[in-house]
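# Observations on the model geometry
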Amino acid sequence: MVSHSRNMSRVSRPGSDLSSDHIETRSYQQEMLEASLLENIVVALDTGSGKTHIAVSWFIAPTVALCEQQHDVISKAISSVGLIHGGLEPKQWTNPELWESVLKTNRVVVSTPQVLLDALSHGHIKLGRDIGLLVFDEAHHANDNHPMNCIMRDHYFSLPVRNPMATADHGPVREERPMVLGLTASPMFGGDASMAFRKLEMNLDSVIRSPRHHRHELTDHVHRPVFRHVLYDQTIPYLTCHLMSPNLKALKRVVDSMNIQRDPYVLALREQLSRRPPGQERHRVDQKLSKVIAKESTYTHKGLRDLMNTARDICYDLGPWAADWYIDQVVREALRSSSPYNEIVTPWQDKEKAYLIEHLNKIELTPVSLAPADIDARISDKVRVLLQTLEEEKARSEEFNEPYSGLVFVTRRDAVLALSAILEHHPRTCEVFRVGSLVGSSESSYRVALLDITRKLLKQSQSTTLDDFRSGDKNLVVATSVAEEGLDIQACGNVIRWDVPSNMASWAQSRGRARKKRSSFVLMFESGGVDDVRIAQFEELERQMVALYNEERQKMEVEIPEWEAADLGDDEYCTFKVESTGALLTLQAATSHINHFCSVLPTSRHDNYQALYDIDPPDMPTGWHSLEPHQQVIPPYHGPFGCTLTLPRVIDADLRVHSVERVYPSKRSAYQHVAFKAYVALYKADLLSDHLLPLMNAKEDYADDEVNEILRAIEKRTGMADVARQINPWQPQVSQGTWWSTEIHVSGLPALTLLTQVEIPVVTEDEPLFLYHPVQGPMKVIIPPASPVTLPVEVGHAARCYTRRLFWTRHSPRMAWAHLDFAYLFNCSGDPEKSIWEERREWSKNQNGDAESEKTLLANAEYFGKTYNYPTDIVCVRDGGSPGKPYRFIKWHFDKLSQEDEEELRVSSRYRRIEDFEVTYPLLVVEPLPNKANFLLPRSVANAKKEGKHLFLSPRFSYIELLSSVESEYALLIPSILRHLTVVMTVERLRQGLFSIAPSLSNIRTSFLTMAITAPVADDLINYQRLESLGDAVLKFVVGLNLMALYRLWPEGFLTRKKDHTVNNQRLAKAAIRVTLFKWIIRNRFTPRKYTPLYLSQPEDFNPENGQHDDEAVANGGKPVNEVEKLSTKMLADVVESLIGAAYLHGGFDFGIECAQLFRLGVDLSKLQDCITKILSRVQLSSDLSGQLVPVEKMIGYTFQHKLLLIEALTHASYRFDNQTVSYERMEFLGDALLDMIVVDYLYNAPGHAFNPGDIHILKASVVNTHFLAYRCLQRSIEVDTSMPGPGPGGKITVNHTTRRIHLYQCLLHGSTVVLEEQRLTYTRFEKNKAEIDEALSSGKSFPWAALTRLQAPKFLSDIIESLIGAVYLDSHGNIETICTLLRTLGILDCLERLVRDKVDVLHPVSRVGIWASRQQKEVDYEFAEEKGNIICTVRVEGRDPIQAEAEKRGNASKEEARFAAAEKAIALWGVGDVNNKGK
């Protein structure tokens, strides 16, 4: 809740320390504050009395400037004050959490009324729950359909009346009316003070009050200015004033000579009309043409005519010098703005621009003289009176030793500019007054496009001018009404009204700017006019107003504003409410909602999505523009009216057109009702959210950093998730005494018995395991099915001892000798040396006093050799360290060494510390053992077989490992075998867990699943990366097709956003966590050097090496050290996609969909055939095909059964002749996903290749990018027969055989001159570059990125290819072979095969520079600038000279061409070279 939270006692009292900038309240302010705590009131205080120091909670001010001002003031007294205005685009704040954040983090929110109205209307804020106090600044606006009044009418009065007793209770918060506080200096509108007060009090559910007990203090602080008026004579005749101004006369000559029929816009409309067949679009063009001619409202005609009329008004009011100056400034600025490199407005056509420039150049401008005498001689009497008044007011201020500060209020912004120019240059003021101009930024009724140029004539911004006025740098400001109302302009001594106020509020507000003591308020009256009578009326109204708010007034009981409904009329007050959110649609808001819906539809630059309204009856008779003048008289029509609304073509035909009957009293009412009807239909068709907002917004970024910061706080993506550790598959799922027994068969070794308490997976000949031995090379491992056995005690003990013996020799530092509770037990009965080494271990045991200890596995080499006659079946020898470094035994050396060799042995690091060391014979010859390794990874055997360096060891200080050669080999290999079994057993657990509800998925090959769940961090032979690329493409295609079937009315933009939301990493990661997928992800790295055997229970009193114990060392009976670990959300998402890829590899799309269904991604996924059937069920079978489309089937080699699919695939959004066909975007959406899918599938399965994800991405990008697909579109063509009958020899009619080549791009159905021109220009560039592109694609070593980029191809060309792919897929009922044939016909698949086969370098130059820079840990920056019609791109990398390249400006494609050229230059000049050989 905001600020008061229902407890109004939280309003700060005087003396409470709210901030360092403490604000002292005056007595009359405190009186009003205490009154506001008791009831809703409108505080009526004079301007400058400090009304705003009372307010808190949601503070509403009518303008952005006032909001900013009040925010600054409130922030000084209260912490955490939020500011929201239209510039922050709050309509785009579709995330409810964003509004919740605003409410939670701010005690007070300041906004314009429309912001709050929109938030309430969309259900983001609940007025009765979230807001405790509403403050209306300038509350007199709360009338009619002003947003202030709409807030009250639509959202306040429907709430229960506030109950202070219930609010004070600490029970559940109930929705109720917030407190209301209004602030105004003029609670007046209309001419009846009593009626205005009553209306305002009813609108705001308040009582108007003014201080009574402390009114004397109010008088002390509010200084009423001295009111006086001055008279002037109007000596310039209006109708002939142009004769006094050379520039106005020249402008009038040009305007009078213009002919609307020659305007390029009119000619273009006539051309459009001639090409339009009968229908709604022709009717619209006909109406537009008639209206433009009747009103002469083209840009040039209306602009120059309005310039003339404005200049005439200036000439009449200010004099001919001002008119000459104004015309000179506007014309020169217009010529500058319409130069080839600057655009006044972007939609302009070149012919219209040339037409304007032509007529601007015809205006024979006379230079404006700045000579003092010339200026003084050519100003109006009204200006002279103003000059005299300013001089008198300045002298009056100086009499009181006060600096002069004044405001001159002028109605029109043009007059502000002209009057400021006079004051800046006139000899009586230029040295005396420092003049500034202040105008509003909003549109007004008289301003048109051409006169918007006058914005550029302002020398300073509004804020700068205000700052200069406050600081005294400027002492006179000429302003429009923007300075009248509430804007914090310092108290000035003189206010002059150039124009008489239009109403009571304007009178009071402008007078209130004169706040200083001894200030003056001057009105300028025309001699003999009626202005003084109006002012007398204003003064009388003010007296009545003061009397009314000073008397004791009682609050009027208004439960339901019936008077509002009565004022609006029965048909004007209809609403639609979504109960779940409280979102409310009103008739008044419907048209703006429809416009917003259309504006956020994702679009290309060729489309301008707008709602089209066709009034009934039409404004103009059909063909009016071609009638004779005497026939063009139109009788007046006053209603009733109807209307038809047509939405953009991207909307389905069933939702596109909406109509209302001809029953409404005004056009505005008809517009509102049809918009209301359409918007409700969009909601019911699920194209709007429950907040009555478009499901997907086109805008993702906000203009304001503050909003982006809030969003980042709300949607913070840490990239990590807290999850449970990877499961240990060796841990029995239930406590049991059953053991499973199987044998491990390793080629070249006797079988090894394996005993476990969990079932062992089978390793068969179909999917064998290979160990890559450092000496023997690859060794096949087979494990047959296990069988349950009973384990006798003596057998179990023998197996445990055998297991300990195998592990101890290699991993003893991480083991406890007495702990035998291994998770797996081994034994080998087929060891041929078993009895020999058992006898030797028994001998060792006797040597150690019959103790069963680790010492029995080692025997002193000297004693062992003497005892067993120096045997040669020894495998491993350890030097004298503890436990000693192991070496491979080579032989016994009996021959005496040379003295040098003996000396070298004595001083070696092993023996030099041994006192009196003697070299005795025989010596042991050994070599280093290979490092402990992961034998699951392939390695080079040749290098491993190279003879190592032989070393000599003294037997007296060495020890023999008492293991047979078989035992030694298994000790080496078993960790790798167990690692493989761990992975395979994890897969089995996955089958038993996640796949238990989808049994068919359990049949997926183990190798696929192993790959799918093995993370790269595990550093195994395989990982999920390749499968993730495949699964990603499968998922996007499957989701895309399902969305098309589920949401037949959704445009492509909605489908794209929904798909992206469904498959984004965050959604996939959450789905993975929901099904506990993290348990089965193999991410623990296998490190043989630190391998620890797995126990079923925790060893007691064991301090492992380095004080740490492997988390995996316990399978049961104890908790691991870390029960929770952090896991990358991307890894979780990747494994989801990898599993989908594995399912697809095993059983096609049906298996992939079944796997995706396990994760419940928010879309009810169906089989592809079901989706296709559902989509086709809504497509009528038709054999009709436009003549323009007949050649397409031959071009692509496919004949459609559903011709409407082909029509849709080639219908551009600008096409207006057929309202029943939707444009191609949905087909393009499907084709894009399908093309990606097929290309990725091919690259994944490319024979002889195992492309990594980087390779797949780069190769895919080369054949699915816009340039390449557009090139293929431009290539496709066919010769068609264009034979026509005609007279032949002898006058006989014969058929003249001719043909014409039709190109695929020409078959696009559109209605845009922009599209037509881009087709022509792009094909011209295609003709220039096609030879180079063809050669590179067919035989080049590098992909022709440069030549393709030079095509500057518009996106709709590549869209044609993708939409055709989507249409053929649906029409062929999802036949992938048909699509592959189509891709070969289009030259896509053959090109891809050539790129793979010939290993063509396809890396894009921009990517190459990026990879090169990242390897140097530097960033690449591309900067763009425009200069003389070119786009200049500068590429920068730290430590390198910047590189520049340019391209002719032709839209977004030009920027890409410039970036490409810059990257290519950087590659050459920076020596980037080949980056492929270092990986990606």
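Residues numbered from 1 in each chain as written. Predicted model: local features only at pLDDT ≥ 70, side-chain atom pairs only at ≥ 80, totals over all residues. Heavy atoms only, no water.

All right, on to the side chain of Thr 586 then. Looking at the secondary structure, you find Thr 586 in strand 15 (residues 583–586). Of the residues examined, Thr 586 reaches a relative accessible area of 7% and is grouped as buried. Excluding residues within four positions of it along the chain, Thr 586 makes contact with Asp 154, Cys 574, Thr 575 and Phe 676. (Helix = DSSP H or I, 4+ residues; strand = E, 2+ residues; numbered from the N terminus. Buried < 20%, exposed > 50% of the residue type's maximum accessible area, 1.4 Å probe, protein only. Contact = heavy atoms within 4.5 Å.)

Another aspect to go through is the packing of helix 10 (residues 246–257) against helix 13 (residues 299–318). Closest axis-to-axis distance for the helix 10/helix 13 pair is 10 Å, and the angle between their directions is 150°. For the element pair helix 10 / helix 13, the angle class is roughly antiparallel. When you trace helix 10 past helix 13, the crossing you get is left-handed. Facing Leu 248, Leu 251, Lys 252 and Val 255 of helix 10, the residues of helix 13 in contact are Leu 304, Arg 305, Leu 307, Met 308, Ala 311, Arg 312 and Cys 315. Of the residues in the contact of helix 10 with helix 13, the class split is eight nonpolar, no polar and three charged. (Axes fitted to C-alpha atoms, helices over the stretch in contact; angles between N-to-C directions. Parallel < 35°, antiparallel > 145°, perpendicular 65-115°, else oblique. Left-handed = near helix turned anticlockwise from the far one by under 90°. Nonpolar A, V, L, I, M, F, W, Y, C, P; charged D, E, K, R; others polar.)

In this structure the tally under the stated criterion is 55 salt bridges. In this structure, Glu 281 and Arg 284 form a salt bridge, with 3.2 Å as the shortest nitrogen-oxygen distance. Of this pair, Glu 281 and Arg 284 are both found in helix 12 (residues 280–295), three residues apart, which corresponds to roughly one turn of the helix. Among the salt bridges present, the one from Arg 841 reaches Glu 967, with a minimum N-O distance of 3.4 Å. Highlighted residues: Arg 841 in helix 28 (residues 834–847) and Glu 967 in helix 32 (residues 965–992), separated in sequence by 126 residues. Owing to a relative accessible area of 3%, Glu 967 belongs among the buried residues under this scheme. Here the salt bridges share partners, and the residues they tie into one network are Arg 276, Glu 281, Arg 284 and Asp 614. (Salt bridge = Lys/Arg side-chain N within 4 Å of Asp/Glu carboxyl O.)

The next subject is helix 6 (residues 147–156). Where burial is concerned, most of helix 6 is hidden: 10 out of the 10 residues are buried. Among all positions of helix 6, only Pro 147, Met 148, Asn 149, Cys 150, Ile 151, Met 152, Arg 153, Asp 154, His 155 and Tyr 156 are buried.

Looking now at the pairing of strand 15. Across a regular strand the side chains alternate sides, sitting on one face of the sheet and then on the other. The side-chain alternation of strand 15 yields two buried faces, one formed by Ala 583 and Leu 585 and the other by Leu 584 and Thr 586. Both strand 14 (residues 575–578) and strand 15 contribute to a ladder of four bridges, which runs antiparallel. Considered in strand 15, the bridge of Thr 575 is made with Thr 586. Connecting the antiparallel pair strand 14 and strand 15 is a turn made up of four residues, with Gly 582 showing a positive phi of about 85°. (Pairing = 2+ DSSP bridges.)

Per-residue pLDDT for the protein averages 81, and the proportion of residues at 70 or more is 81%. No element of the protein has a lower mean pLDDT than helix 22 (residues 562–568), at 43, and none a higher one than helix 47 (residues 1376–1385), at 96. Between residues 1–22, whose pLDDT stays under 50, and residues either more than four places distant or in other chains, the model counts 59 contacts. The low-confidence segment residues 710–718 (pLDDT under 50) makes 12 contacts with residues lying over four places distant or belonging to another chain. (pLDDT = per-residue confidence, 0-100.)

The subject of this paragraph is the environment of Cys 1380. Mapped onto the elements of the fold, Cys 1380 is located in helix 47. Residue Cys 1380 is classed as buried on the basis of its relative accessible area of 18%. C-alpha of Cys 1380 to C-alpha of Ile 1365: the two residues are 15 residues apart in sequence and 9.7 Å apart in space. What Cys 1380 contacts, discounting residues up to four positions off in sequence, is Ile 1238 and Leu 1389.

By definition, the strands of a sheet pair up through backbone hydrogen bonds, in either a parallel or an antiparallel sense. Strand order in this open sheet of three strands is 16-17-18, and the pairing throughout is antiparallel. Edge positions in the open sheet fall to strand 16 (612–616) and strand 18 (657–664), since each of these has one partner strand only. This sheet shows a mean twist of 15° between the axes of neighbouring strands, independent of strand direction. Pairing between strand 17 (residues 641–646) and strand 18: five bridges, direction antiparallel. Within strand 18, the position partnered with Cys 643 by the bridge is Val 660. In this fold helix 25 (residues 667–684) packs onto strand 16, strand 17 and strand 18, with an angle of close to 145° to the strand it touches most, strand 18.

Moving on, we come to the packing of aromatic side chains. Applying the stated criterion across every chain yields a total of 38 aromatic pairs. Look at Tyr 238 and Tyr 316: their rings are 5.4 Å apart centre to centre, the planes differ by 80°, and that puts the pair in the edge-to-face class. Note that Tyr 238 is positioned in the loop between strand 8 (226–232) and helix 10 and Tyr 316 in helix 13, a separation of 78 residues in sequence. Taken together, a centroid distance of 5.0 Å and an interplanar angle of 25° make the contact between Phe 822 and Tyr 1095 stacked. On the criterion of sequence distance, the pair formed by Phe 822 in the loop between helix 27 (793–811) and strand 25 (824–827) and Tyr 1095 in the loop between helix 36 (1065–1074) and strand 32 (1124–1128) is long-range, its members being 273 residues apart. For the pair Phe 822 and Tyr 1095, one class covers both residues: buried. Note that Arg 312 overlies the ring of Tyr 238, its terminal NZ or CZ placed 5.7 Å from the centroid. Geometry around Tyr 868 places Arg 840 over its ring, the cationic atom sitting 5.3 Å from the centre. (Phe/Tyr/Trp six-rings, centres within 6.5 Å; stacked < 30°, edge-to-face > 60°. Lys NZ or Arg CZ within 6 Å of the ring centre and 35° of its normal.)

So, on to the nonpolar core. Counting 192 residues, the largest nonpolar core has Leu 1077, Leu 1139 and Phe 1159 as its most contacted members. For this core, the element with the highest residue contribution is helix 37 (residues 1129–1157), accounting for 15 residues. Counting 59 residues, the second-largest nonpolar core is a separate cluster that includes Ala 250, Ile 327, Val 478 and Ile 496. (Core = buried A, V, L, I, M, F, W, Y, C linked by side-chain atoms within 4.5 Å.)

What the six strands build is an open sheet, ordered 26-31-27-28-29-30; its pairing is antiparallel. The open sheet has two free edges, formed respectively by strand 26 (858–860) and strand 30 (951–953), since each of these has just one partner strand. Going across the sheet, the axis of each strand differs from the next one's by a mean of 45°, ignoring polarity. By the bridge criterion, three bridges tie strand 29 (residues 923–928) to strand 30 in an arrangement that is antiparallel. Paired with Val 926 across the two strands is Leu 951, which belongs to strand 30.

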